[in-house]
Amino acid sequence: MKTEKSEIISFFKNIIGIKDKYALEQLGIHSRKWTLKAKGILLKENEKVSEVSFLYQQGGVVKAYYALDQEGKSRIHCFAHLPGEPVTGIANLDRSMVSLLTVEAVRDCELISTSVDCLRDLAQNCQEIALACNRMIGITAIKNMEYEKVLTSSKVEDRYRYFLEIYPDLVETVSKKDIASYLNMTPESLSRLLKNIEKEAKTN
């Protein structure tokens, strides 16, 4: 039976793609595997980040959102559901890094959480880790740019198609309210859109 450390090392080797033996050993020592229950909060907006977390297995889903006002209204910014996806939102590995979003589990999630201090030290001494961190930061930045472009320049129908393209497995998993929030429309607008799409499908 695999120990937790060997499972963590296997995750970083086979899912994240790290090959450096020293880096894998350190990640095994300074990471933990645990379960975040549905509706549990991983991080709150503006909270200091001490660990970077990744989805461990298929089936877990998280959503990330930010406050729109002081009255508790919020906007969904993104979802994560694939093994290996970072759910912390890595903007940098600065010592004073804070979360730009609140991260909440939609479904129970098995996570691998790694000390930011460990990642920072490895990034300074291991080119492979530095490249992996830069790649994750770069992918996040590109996704954010694409998302903002879709919201500001696309019709509601195109926004929904974008959601289906980016998150095809989440249509039946995530609430319509959260999908509407992600697409910057009201739940009523999304409901009308879905009815129109259904009508068009029947006529065709």
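A quick note: this is a predicted structure, and the numbers were derived from the prediction, not measured.

(A) Quick peek at the overall build of the protein chain. Tallying secondary structure elements over the protein chain gives seven helices and seven strands in all. Overall, the protein chain shows an N-to-C arrangement of helices and strands of α-α-β-β-β-β-β-β-β-α-α-α-α-α. Taking 2.2 N^0.38 as the reference for a compact globule, 204 residues should give roughly 17 Å; the C-alpha atoms of the protein chain span a radius of gyration of 19 Å, in line with that estimate. Principal-axis analysis of the C-alpha atoms places the extent of the protein chain at approximately 60 × 40 × 30 Å. For the protein chain, the residues scored as buried account for 41% of the 204 residues in total. Looking at the protein chain alone, contacts between residues at least 24 apart form 73% of all its contacts between residues at least 6 apart. Summing over all exposed atoms, the protein chain offers an accessible surface of approximately 11,900 Å²; the carbon and sulfur share of this is 51%. With 29 positive and 28 negative side-chain charges, the protein chain shows a separation of 2 Å between the mean positions of the two kinds.

(B) Expanded view of the nonpolar core. In this structure, Phe12 and Ile129 are the most contacted members of the largest nonpolar core, which totals 37 residues. Setting aside its immediate chain neighbours within four residues, isoleucine 129 contacts Ile18, Ala23, Leu27, Leu119, Leu122 and Ala123. Counting 21 residues, the second largest nonpolar core, distinct from the first, contains Ile76, Leu151, Phe163 and Val171.

(C) Quick peek at the packing of helix α1 (residues 4–16) against helix α2 (residues 21–29). The geometry of α1 relative to α2 is characterised by a closest axis approach of 8 Å and an angle of 130° between their N-to-C directions. Viewed along their axes, α1 and α2 adopt a mutual orientation that is oblique. Here α1 and α2 pass one another in a crossing that is right-handed. Taken together, the residues of α2 that come into contact with α1 (itself represented by Lys5, Ile8, Ile9, Phe12 and Lys13) are Leu24, Glu25, Leu27, Gly28 and Ile29. Residue composition of the contact of α1 with α2, by class: six nonpolar, one polar and three charged.

(D) Representation of the environment of lysine 48 within the structure. By the element assignment, lysine 48 lies in the loop between β2 (41–43) and β3 (51–55). Excluding anything up to four places from it in sequence, lysine 48 contacts Leu43, Arg95, Met97 and Val98.

(E) Region of the structure containing the packing of aromatic side chains. Per the counting criterion, the structure on display carries 12 aromatic pairs. Aromatic pair tyrosine 167 and tyrosine 182: ring centres 5.7 Å apart, planes at 70°, arrangement edge-to-face. Of the two residues, tyrosine 167 sits in the loop between α5 (156–166) and α6 (176–182) while tyrosine 182 sits in helix α6, which places them 15 residues apart along the sequence. For the pair formed by tyrosine 167 and tyrosine 182, the shared burial category is buried. An aromatic cluster is built from Phe79, Tyr147, Tyr160, Phe163, Tyr167 and Tyr182, whose rings are joined through pairwise contacts.

(F) Region of interest: the environment of valine 98. Position of valine 98 relative to the elements: it lies in the loop between β5 (74–80) and β6 (102–105). When near neighbours in sequence (up to four residues on either side) are disregarded, valine 98 contacts Asn46, Glu47, Lys48 and Val49.

(G) Summary view of the state of the cysteines. Scanning the entire structure with this criterion turns up zero disulfides. Considering cysteine sulfurs only, cysteine 78 is the nearest to cysteine 109, which forms no disulfide, with 13 Å between them. With no disulfide partner, cysteine 118 has as its closest neighbouring cysteine sulfur the one in cysteine 133, 9.8 Å distant.

Rules used in this analysis
- Residues numbered from 1 in each chain as written.
- Predicted model: local features only at pLDDT ≥ 70, side-chain atom pairs only at ≥ 80, totals over all residues.
- Heavy atoms only, no water.
- Helix = DSSP H or I, 4+ residues; strand = E, 2+ residues; numbered from the N terminus.
- Rg over C-alpha atoms; globule rule 2.2 N^0.38 Å.
- Buried < 20%, exposed > 50% of the residue type's maximum accessible area, 1.4 Å probe, protein only.
- Contact = heavy atoms within 4.5 Å.
- Areas by Shrake-Rupley, 256 points an atom, 1.4 Å probe, with all protein chains shown as cover.
- Lys, Arg positive; Asp, Glu negative; His and termini not counted.
- Charge placed at Lys NZ, Arg CZ, Asp CG, Glu CD.
- Core = buried A, V, L, I, M, F, W, Y, C linked by side-chain atoms within 4.5 Å.
- Axes fitted to C-alpha atoms, helices over the stretch in contact; angles between N-to-C directions.
- Parallel < 35°, antiparallel > 145°, perpendicular 65-115°, else oblique.
- Left-handed = near helix turned anticlockwise from the far one by under 90°.
- Nonpolar A, V, L, I, M, F, W, Y, C, P; charged D, E, K, R; others polar.
- Phe/Tyr/Trp six-rings, centres within 6.5 Å; stacked < 30°, edge-to-face > 60°.
- Disulfide = S-S within 2.5 Å.

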